[in-house]
Amino acid sequence: MKIAIIGGTGGQGLGIAIRFVQAGENVVIGSRTIEKAQTAVEKVKDMLGNERNLKAAENVDAAAEAEVLVLTVPLAAQKSTLLSIKEEAKNKILLDATGPLESAIGGSPMNYLDLWDGAAAERSAKILKDTNVICAFNNISSAALMNFNEPIDCDCLISGDDVDSKLVATSLIEKIPGVNVIDCGPLSRAKIIEKITPLLIGLNIRNKTQFGGIRITGLDK
Ligand SMILES: NC(=O)c1ccc[n+]([C@@H]2O[C@H](COP(=O)([O-])OP(=O)(O)OC[C@H]3O[C@@H](n4cnc5c(N)ncnc54)[C@H](OP(=O)(O)O)[C@@H]3O)[C@@H](O)[C@H]2O)c1
């Protein structure tokens, strides 16, 4: 499957790109500039070897050629980035990792930022009306994703309104070693999922680590 990482040059996007490349998926790292995307691709190739299933593109071109999009930009860049790929994202799946953290307005990353639109993923769905938006990757840290020789000890809580899109997302995300996907229900559940991120950031800071994650137990999946 061809996957575009929109804003894939930061820690979260790069980590997701690495994991999907390792899983044998075709990955396009997107950026506002082709030069930055190319630098990111070179970085991944240095880490993994000369992978063929990886390329660089500007965000809009990356979105046009992929079937599944992953959004990994800061909250402040969410709306402008989505508007720039709105046409290309039509009828596709978008996995939204955007974290509504108070750091977006100069506060602490350990605090959640209430948005007018509800969850960040709900805001994405309002902007991209013809795209199947799924809240995903909020609970997995970039450090864990970038630690590519190790499995990830964390569940990936997802939510979304289109059942088939969630099945596609689940089979993709579970290609990452150690990751178990938990479907939390409709997109409106994203408000809860996204609140776990500042909690984990706070736990990481308190425990001087970057690998804090979450496991849901007792479900007979
Ligand atoms: N880092 C984590 O551990 C983690 C965990 C869970 C969720 N998340 C969420 O994932 C998202 C990405 O996190 P990150 O740490 O990777 O972020 P980041 O490094 O700050 O930014 C990622 C990329 O977004 C693009 N970007 C930055 N500012 C922009 C702007 N004003 N307009 C348009 N594009 C802009 C940049 O790409 P170009 O300059 O190449 O265009 C940048 O490399 C955030 O919403 C975060 O809350 C992160």
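Whatever comes next refers back to the structure up there.
Residues numbered from 1 in each chain as written. Predicted model: local features only at pLDDT ≥ 70, side-chain atom pairs only at ≥ 80, totals over all residues. Heavy atoms only, no water.

1. Looking at the pairing of strand 6 (residues 132-135)
Heads up, the rule is: Criterion used throughout: strands pair if DSSP finds at least two bridges between them. Starting at the N terminus, helices and strands are each numbered in turn, a helix being any DSSP run of H or I of at least four residues and a strand any DSSP run of E of at least two. If the strands point away from the viewer and the path from the first strand over the helix to the second runs clockwise, then the crossover is right-handed.
The pairing of strand 5 (residues 93-96) with strand 6 spans four bridges and is parallel. The residue bridging aspartate 96 from the neighbouring strand is cysteine 135, located in strand 6. For the segment spanning strand 5, helix 5 (residues 120-127) and strand 6, crossover handedness is right-handed. With two bridges joining them, strand 6 and strand 7 (residues 155-160) adopt antiparallel strand pairing. What sits directly across from isoleucine 134, in strand 7, is glycine 160.

2. Details of the site of the ligand
This is how the line gets drawn: The cutoff for a nearby residue is simple: one of its non-hydrogen atoms must lie within 4 Å of the molecule or strand. In the analysis that follows, any N or O atom pair within 3.5 Å is treated as a polar contact, provided that within protein one partner can donate a hydrogen and the other can accept it, and provided that, for residues neighboring in sequence, both atoms belong to side chains. Under the convention used here, a 1.4 Å probe and the Shrake-Rupley method define accessible areas, while residue burial counts only the protein chains that appear. Computed over the protein atoms alone on a 1 Å grid, cavities are sets of points where a 1.4 Å probe fits but cannot get out and pockets are open sets with protein on both sides within 12 Å along at least five of seven lines; a residue lines them when it has an atom within 4 Å of a point. For this analysis, a molecule is said to be in a pocket or cavity if more than half of its atoms are within 2 Å of the grid points defining it. Throughout, the ten residues Ala, Val, Leu, Ile, Met, Phe, Trp, Tyr, Cys and Pro are labelled nonpolar, Asp, Glu, Lys and Arg are labelled charged, and all others, Gly among them, are labelled polar.
Contacts to the ligand come from 21 residues, most closely from Thr9, Ser31, Arg32, Lys36 and Val73. In the environment of the ligand, an oxygen atom lies 3.3 Å from a nitrogen or oxygen atom belonging to the backbone of glycine 10. Within the side chain of lysine 36, a nitrogen or oxygen atom sits 2.7 Å from an oxygen atom of the ligand. Contact with the protein chains hides 74% of the accessible area of the ligand, taken as 880 Å² for the molecule alone. If you map the ligand onto the pockets, it falls in the largest pocket. Only helix 1 (11-22) and helix 4 (75-84) provide two or more residues apiece to the shell around the ligand. Each residue belonging to the shell around the ligand can be placed in one class, and the counts come to six nonpolar, 13 polar and two charged.

3. Describing the side chain of asparagine 59
Selection rule: Burial classes: relative accessible area under 20% of the type maximum marks a residue as buried, over 50% as exposed, and values in between as partly exposed (1.4 Å probe, protein chains only). Residue contacts follow a heavy-atom distance rule, with two residues in contact if any of their heavy atoms lie within 4.5 Å.
Its place among the elements puts asparagine 59 in helix 3 (residues 59-65). By relative accessible area, which is 7% here, asparagine 59 ends up buried. Within polar-contact distance, the side chain of asparagine 59 engages the backbone nitrogen of glycine 7 at 3.1 Å. When neighbours within four sequence positions are excluded, asparagine 59 is seen to be in contact with Ile5, Ile6, Gly7, Gly30, Ser31, Arg32, Thr81 and Ile85.

4. Topic: helix 5
With respect to burial, helix 5 is a largely interior element, six of its eight residues being buried. Of the residues making up helix 5, those classed as buried are Ala120, Ala121, Glu122, Arg123, Ser124 and Ile127.

5. So, the side chain of lysine 166
Looking at the secondary structure, you find lysine 166 in helix 7 (residues 163-173). Lysine 166 sits in the buried class, given a relative accessible area of 7%. Of the polar contacts made by the side chain of lysine 166, one reaches the backbone oxygen of glycine 185; its length is 3.0 Å. The contacts of lysine 166, once residues within four sequence positions are left out, are Ile134, Ile158, Ser159, Gly160, Asp183, Gly185 and Pro186.

This is a description of form; function is not addressed.
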